[in-house]
Every structure is written in structure tokens, then in C-alpha cells.
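Chain by chain, the residues run as shown.
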Amino acid sequence: MADGGKGGYSEHDDRVGGGNRGFAARRRKGRGPFRGKMYSEANHHQWAHGGHTGHSLRSRQEEEDADVLMSDAHDALRTRYAPYGGRPNRPADRERPNASSLNLAVKRSLNISDRTASRSLNAKKQWFRITIPYGRKYEKSWVISSIQNLCSVPFTPVEVHYANNRLVFYVEDVSVANALKQVSRKIDAHDGYKIVIGINQCMPPTTIQRELKPEELEQLKVCMSKRYDGSQQALDLKDIRSDPDLTAQNIDMVLNRQNCMDAVLWIIQENIPELLALNLSDNKLYRLDDLAELHKKSPHLKSLNLSSNLLKAERELDKLKGLKLEELWLDGNPLCDSFRDQSTYISAVRERFPKLIRLDGHELPPPISFDLGVPTALPPTKGSYFGSEGLKVLIGQFLQQYYSIYDSGDRQGLLDAYHDGACCSLSIPASSHMHTKSTLTEYFKNSRNVKRLKDPTMRFRLLKHTKLNVVAFLSELPKTQHDVNSFVVDVCAQTSTLLCFTLNGFFKEVDGRYQDYIRGFTRVFIAVPVGHNGLCIVNDELFIRKATNTEIRKAFVMPAPTPSSSPVPTLTAEQQEMLQNFSLQSGMNLEWSQKCLLDNDWDYTKAAHAYTQLKAEQKIPEVAFIH
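Attention here is on the structure that accompanies the text. The shown structure was predicted, so the numbers you read here are calculated from the model rather than taken from an experiment.

**Some points on the packing of helix α7 (residues 214-226) against helix α9 (residues 258-271)**
Phase 1 of the analysis: With their axes 11 Å apart at the nearest point, α7 and α9 run at an angle of 65° to one another. Two packed elements cross with a definite hand, and for α7 against α9 that hand is right-handed. Residue-level inspection shows L217, L220, K221 and M224 of α7 in contact with α9, the latter providing A263, V264, W266, I267, I268 and N271.
Phase 2 of the analysis: The class makeup of the residues in the contact of α7 with α9 is eight nonpolar, one polar and one charged.

Dropping the structure here:
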């Protein structure tokens, strides 16, 4: 220590107690009541050093909040043993405590009733706060049911919730707390750790605070009836805590307490369910959880005044989304200052309440809504849209050639498909879900999703320019096999010099870490005509996502076609023209049209007769046709 150990404080010295030390025992980060056993099960019989250290620590706890720590004796040792540090006020000839005194100390720590008996408790009911360290890792229902199965005393947990990394709930009665203590470290979690249960005496939780007595409830009903305007069907509960009718009877009506709000909502439901307007302004409301059922208690409510309260978070409004409000007041709440401008504020509120026509007393533009009186079923989805039979053949031939090369393993053959000045980009969903990111790892570094990517330099860098760079980039992507039977084409725009169409479908990776992993994709091609009957890509935008379970079940159901790597270019010009005409006339895709012509020795008339006969006998599978 810098001062030679004369009562000073060193940042590395965290001992507690001591006669001449100038500071009281303090709890450090990471040294809570569960520190002792979280890292080791071996310290079951540590010696308690220091003559009155434990006494000073307990006194401080009792003075602060009267909570009693219900952990094991070794859990209560919050001081770190410093073998090389000095120990003030410890005589050199002090002996270690004998076994009987140690056992007595452990017994006192273990027995909750012994420790609580010495307290003067005014309340008839005793409540305890139960804490599960690192409980957020586990499902609430699993933890509670596991504890209830082992606990010797039946109990009902109250206010089960997560607090940071802990799982917290409340129980009533000392016998329940003692029984829960015996369950600590007897439940094995799925990750190999034992469930630790910490117990502290506390005030009653907010949901179990004293219910109103019948006479108080009746007085509240009289007060509310005076504040109700029957002609307007409006109830004014502004600053109801200060109402003289209630204060004269010593009724403390604090609406941010659940028992008080529940009483108000019960009276509304039982006596004025036709309520249209409710004023809850100036009641120090800082959360709206207790109003989550308001739409059920007062289904006709159209106007709600929450002004001059303490609401800070925009998400609090989500708890009122069941209301079909037309009028809302929020001014005077801190959350109103959290928006960039007035338009953002209006948009955020209207997103929750689309029928709102008045906000904070100001008229809003009429809402745009599609409120259909009778539920209408959406029309069934349709297949591909080409616009004309000629485009259907042209795009079908282009896609067959393109993906036969793309899935062949050597994508250098795609150079002929791109314009010299072509550009290409890839993107994946902007989801923050870690599982989605992990399954799309191979594509994440090249994703140009502008919803996430704000840096203009990176946006430009991830846009691949010229056909050499485009094909080089595509060659680096995982090898794939596309399900051509899943392809759906939509022609967006067509002129004499440009064609834009969208392609949707599924593919799976054929090697690497995610082999056989099925993904969905959307691809937008902008192409220009080239030669007599071909297309050249000038812009290629590829979007890759995780396929849904339904899509995975539907993908690759039909056997994948196995044509040669580039079947069309090997045909003569006459055969290509015959193939296109046959596909156009029959409606079959190029692969099946070519198969029909090959089986009939490229005799067009013979192939047409065979097609007509097989079609009449319904022997041609659906996959043979262009959807």
C-alpha cells in the first residue's frame, strides 16, 4: 500500500471490516452472494477471519434495506482471502474458532427462521425475493417447474421475470423460503451447471401490494362516478391521487401501482363499459403494462389522454395497440422529446394507431387504410409472367444456358453472357438474428445491403464492374445446384432495346460447410438484345436468403434434369430454330422439347404427333411445361 499500511486504501485491497479502517464493507462487481460457489464446490468449510468483520457487514445490510441473505454460510463470505496482506486488529495469539462455534455459525446462517425471528416485522406476511444467477440462459417455465417438483412446500411464484442475466420471482412465507433453500444446487441444467437459488427477504412485490378494502373500493367508485360525464361518456381521472374525496379517507390512489390500476379498470368494466374517453393525465405513469388489457375492459374507447406523465420509451405504446384510438394525448411525457422531428413523432404514433385523427389536440391528415368490412381471401398466387410467348421462349432458353454453365463448376463460360460494362451486386437479409448470419457466412462479406451498409466507399467497392470482375466474383461463390423446377419469372419491363425480369427460386450448395443446405434467391436481370436471338446482361442483382421450412419441403421434389453442360449451342442453326418453335407451340420448356425432338429423330411432324398423343393420355409431367 502506498501509505505503508496505516489505514489507507489500495485499489488491490478489498478486505472488509477492521478497527481503524476508514471505510465500511462494500460489495464489488462480481462479488455478490453467489460468488463463493459459482466457481468451486470445494469451499464448504472456510474459516471466518477477523473478529467482528461479519458483524459489521451484517449491520450494514440491516441498516440499508433490512434484507436477509438466505444463502449458505460459505456463500456469505464476500471478503477475499489475502494471504500476504496485513490483518488489522487481529492479535497474533488469536486461536481459530473451535468446531462447536463454527457449527453454531453455520446453523445460524442456514436457518432462516432463526435469523428472521430477531427482527421486528410489522407486516403479517413475509415476502422473499428468489434470484437464479444466470437464469436468463434457461426457459422460465422449465426453471419454475423444476423447482416446484423438488420443493417440499407447494408455492406459487409471483412476478417471474428476467433482471439482467438473472431470473427473479417472489414467494410468500418463511417455510417456502426454507424449502427453496434446500433445492439450491440440486437441479442440473442442460449446460451442465447446477441451478443456484438465492433468497432475500423483501417488501411485497408490486402485483401483490395490499388490495383495496371493500369500503375503499366503494369510495373509489363514488369518486369515479363524480368524475364521469355521462353525456360525453368520458371519465376524467386526472391526478386522481389528489382527489379530496380519497385523501379525506386516507386512500392513496397511485395509478402506477398495479393494484390501484386494476381496481380502476375493474370499476370501468363493471359499471361503464360503454366508455368512449378516458383521461389519465398527471398520474406519474412511467409504464403502461397495467393498461395492456384496457381494450378488453373498455372496447369502445376512442380517446385516451396520457399527457403530463413520465413515459420515456416509445415501446410503451405497443402495450396499447389493441385500442382503436381516434384521439390521443402524449404531450408532457419525456418520450415526446426522443423523436427527431414532428413528422417522425406522428409516424411512430400512427404506426401503432392507424385510425388516429387527432394527436395532442392537433388534427392529423386522414389516415390511409384498407379496412374491409367483410374478410376477403387473397387470390391464389400465379406462376411466371412473360408478357408474350416470344419472350417466354427467349428467357427460357437464356436461363437454361446460363444456369447449366453456372452450376457446372466452371463459371468462366459466363463471360459471353455479360456486357463489357456490366455490373453486379449481392446482398443478404439485414437481419440481426445470429443464426441467419451464421448460415450465410460465405455471403456476408460481399453483402451490399444498403439498409445496413451506410459507408459510400464500401457501397462502391462491393459493386462489381466490368464482366471480368463480375464473373471472377461469381466464380468465388460456393458451387451450387439450382432447382430449375422452382423458377418463377416475372417480366418487369420490355422495350425494343432493353429487357428487365426477376427470377425467384431455390438452390443448394454442393460442397463446403453447408453442403446440401437449401437457400432461396431472387435475381434481377437487366439485359439487352444481342445477335439474332440472344440476350446480354448489363446489370445483375442477386439476393440470397435462408429458405423457410415450407420452401425446403417443396424444393428439389422433382428429379433434377441432367442435360449436357451447354445443350443449345451444340445444335445446328436449323435445329435451334426447330427447338424454339416446338417449345413455343407445345408450351414445354426447352429441355423437354429437345428430348421430344431427339426421340423422334428431329422429325417435327412426328414429334408433334407424339406430343399430342402423350398430352391426351396425360403422360407428360407438369414439370415439362413452362410455368
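Structure's up, so let's keep going.
**Description of the environment of R185**
Phase 1 of the analysis: Structurally, R185 is set in the loop between α6 (174-183) and β4 (198-202).
Phase 2 of the analysis: Residue classification places R185 among the buried residues on the basis of a relative accessible area of 11%.
Phase 3 of the analysis: Sequence-wise, R185 and I195 are ten residues apart; in three dimensions their C-alpha atoms are separated by 5.1 Å.

**Side note on the sheet that holds β4**
Phase 1 of the analysis: Taken in spatial order, the four strands line up as β2-β3-β1-β4 in an open sheet, and their pairing is antiparallel. Unpaired on one side and paired on the other, β2 (158-163) and β4 mark the two borders of the sheet. Neighbouring strand axes in the sheet, compared pairwise and without regard to direction, differ in orientation by 25° on average.
Phase 2 of the analysis: As paired strands, β2 and strand β3 (residues 166-172) are joined by four bridges and run antiparallel to one another. Its bridge partner being in β3, H161 is matched across the sheet by V168.

**Some remarks on the nonpolar core**
Phase 1 of the analysis: Membership of the largest hydrophobic core comes to 46 residues, with the highest contact counts inside it found for L220, M253, L278, L304 and L306.
Phase 2 of the analysis: The element best represented in this core is α9, accounting for seven residues.
Phase 3 of the analysis: What M253 contacts, discounting residues up to four positions off in sequence, is L212, L220, I240, R241, L246, C260 and V264.
Phase 4 of the analysis: Core analysis: the next-biggest nonpolar cluster, separate from the first, contains 37 residues, A417, F473, L503 and F525 among them.

**Focus: helix α16 (residues 467-476)**
Phase 1 of the analysis: For α16, the complete set of buried residues consists of V470, V471, F473 and L474. All buried residues of α16 fall inside an arc of 160° around its axis, so they share one side. Residues of α16 that are exposed and point over 90 degrees away from its buried face: L468 and E476.
Phase 2 of the analysis: Residues of α16 that are buried sit in contact with α12 (389-406), β12 (418-427), β13 (464-465) and β17 (518-530).

**As for the pattern of salt bridges**
Phase 1 of the analysis: As enumerated under the stated definition, the model contains 22 salt bridges in all.
Phase 2 of the analysis: Taking the shortest distance from any N to any O, the salt bridge between K467 and D420 comes out at 3.3 Å. Of this pair, K467 sits in helix α16 while D420 sits in strand β12, and the two are 47 residues apart along the sequence.
Phase 3 of the analysis: Assessed through its relative accessible area of 23%, K467 is described here as partly exposed.
Phase 4 of the analysis: D420 gets classed as exposed once you look at its relative accessible area, which sits at 54%.
Phase 5 of the analysis: The closest approach of N and O atoms between E551 and R545, which form a salt bridge, is 2.9 Å.
Phase 6 of the analysis: Its relative accessible area of 19% is what places E551 among the buried residues.

**Some thoughts on the sheet that holds strand β8 (residues 303-305)**
Phase 1 of the analysis: If you walk across this open sheet you meet the seven strands as β5-β6-β7-β8-β9-β10-β11, and the pairing is mixed. Looking at strand neighbours, the two that pair on one side only are β5 (228-229) and β11 (362-363), the edges of this open sheet.
Phase 2 of the analysis: When β8 meets strand β9 (residues 327-329), the two strands line up parallel, connected through three bridges. The residue bridging N305 from the neighbouring strand is W329, located in β9.

**Digging into the packing of aromatic side chains**
Phase 1 of the analysis: One pass over the structure, following the stated rule, counts 19 aromatic pairs.
Phase 2 of the analysis: Here the aromatic rings of F582 and Y604 are separated by 5.6 Å at their centres, their planes lie at 85°, and the arrangement is edge-to-face. Note that F582 is positioned in helix α18 (residues 573-586) and Y604 in helix α20 (residues 604-616), a separation of 22 residues in sequence.
Phase 3 of the analysis: Take F582: its relative accessible area is 3%, and that puts it in the buried class.
Phase 4 of the analysis: Given the relative accessible area of 29%, Y604 is considered partly exposed.
Phase 5 of the analysis: Every member of this aromatic cluster is reached through a ring pair, and the members are F398, Y402, Y403, Y406, Y418, F487, F501, F507, F521 and F525.
Phase 6 of the analysis: Over the aromatic face of Y406 sits the side chain of R411, whose NZ or CZ is 3.9 Å from the ring centroid.
Phase 7 of the analysis: Here the basic side chain of R519 rests over the ring of Y514, its NZ or CZ set 5.4 Å away from the ring centre.

**Here's the deal with the pairing of strand β16 (residues 499-509)**
Phase 1 of the analysis: By the criterion of burial, β16 is predominantly enclosed, with ten of the eleven residues buried.
Phase 2 of the analysis: Here three bridges tie strand β14 (residues 480-482) to β16, and the two strands are oriented antiparallel to one another. Bridged to T480 within β16 is E509.
Phase 3 of the analysis: Two elements, strand β15 (residues 488-494) and β16, share six bridges in a ladder whose sense is antiparallel. Residue pairing in the sheet places V491 in a bridge with F501 of β16.
Phase 4 of the analysis: Adjacent in sequence and paired antiparallel, β15 and β16 are bridged by four residues.

**Description of the packing of α18 against α20**
Phase 1 of the analysis: The interhelical angle for the contact between α18 and α20, taken along N-to-C directions, is 25°, at an axis separation of 12 Å. Here α18 is positioned roughly parallel relative to α20, judged by the angle of their axes. Crossing of α18 over α20 shows right-handed handedness. Only Y604, A607, A608 and Y611 of α20 make contact with α18, whose side of the interface consists of M578, N581, F582, Q585 and S586.
Phase 2 of the analysis: Of the residues belonging to the contact of α18 with α20, the class tally is six nonpolar, three polar and no charged.

**Observations regarding unusual backbone geometry**
Phase 1 of the analysis: At D239, a residue that is not glycine, the phi angle is positive and equals roughly 45°.
Phase 2 of the analysis: You can see D239 is positioned in the loop between β6 (234-236) and α8 (244-247).

**Section: the environment of I251**
Phase 1 of the analysis: Residue position: I251 is located in the loop between α8 and α9.
Phase 2 of the analysis: Spatially, the C-alpha atoms of I251 and E216 are 6.9 Å apart, while their sequence positions differ by 35 residues.

**Observations concerning α12**
Phase 1 of the analysis: Along its 18 residues, α12 runs 25 Å from first to last C-alpha, staying within 8% of the 26 Å computed at 1.5 Å per residue.
Phase 2 of the analysis: Burial analysis of α12 places 13 of its 18 residues in the buried class, the great majority of the element.

Analysis parameters
Residues numbered from 1 in each chain as written. Predicted model: local features only at pLDDT ≥ 70, side-chain atom pairs only at ≥ 80, totals over all residues. Heavy atoms only, no water. Axes fitted to C-alpha atoms, helices over the stretch in contact; angles between N-to-C directions. Helix = DSSP H or I, 4+ residues; strand = E, 2+ residues; numbered from the N terminus. Left-handed = near helix turned anticlockwise from the far one by under 90°. Contact = heavy atoms within 4.5 Å. Nonpolar A, V, L, I, M, F, W, Y, C, P; charged D, E, K, R; others polar. Buried < 20%, exposed > 50% of the residue type's maximum accessible area, 1.4 Å probe, protein only. Pairing = 2+ DSSP bridges. Core = buried A, V, L, I, M, F, W, Y, C linked by side-chain atoms within 4.5 Å. Arc of directions from axis to C-beta. Salt bridge = Lys/Arg side-chain N within 4 Å of Asp/Glu carboxyl O. Phe/Tyr/Trp six-rings, centres within 6.5 Å; stacked < 30°, edge-to-face > 60°. Lys NZ or Arg CZ within 6 Å of the ring centre and 35° of its normal. Parallel < 35°, antiparallel > 145°, perpendicular 65-115°, else oblique. Expected span 1.5 Å × (residues − 1).

Everything listed here is a matter of geometry and, on its own, says nothing about what the molecule does.
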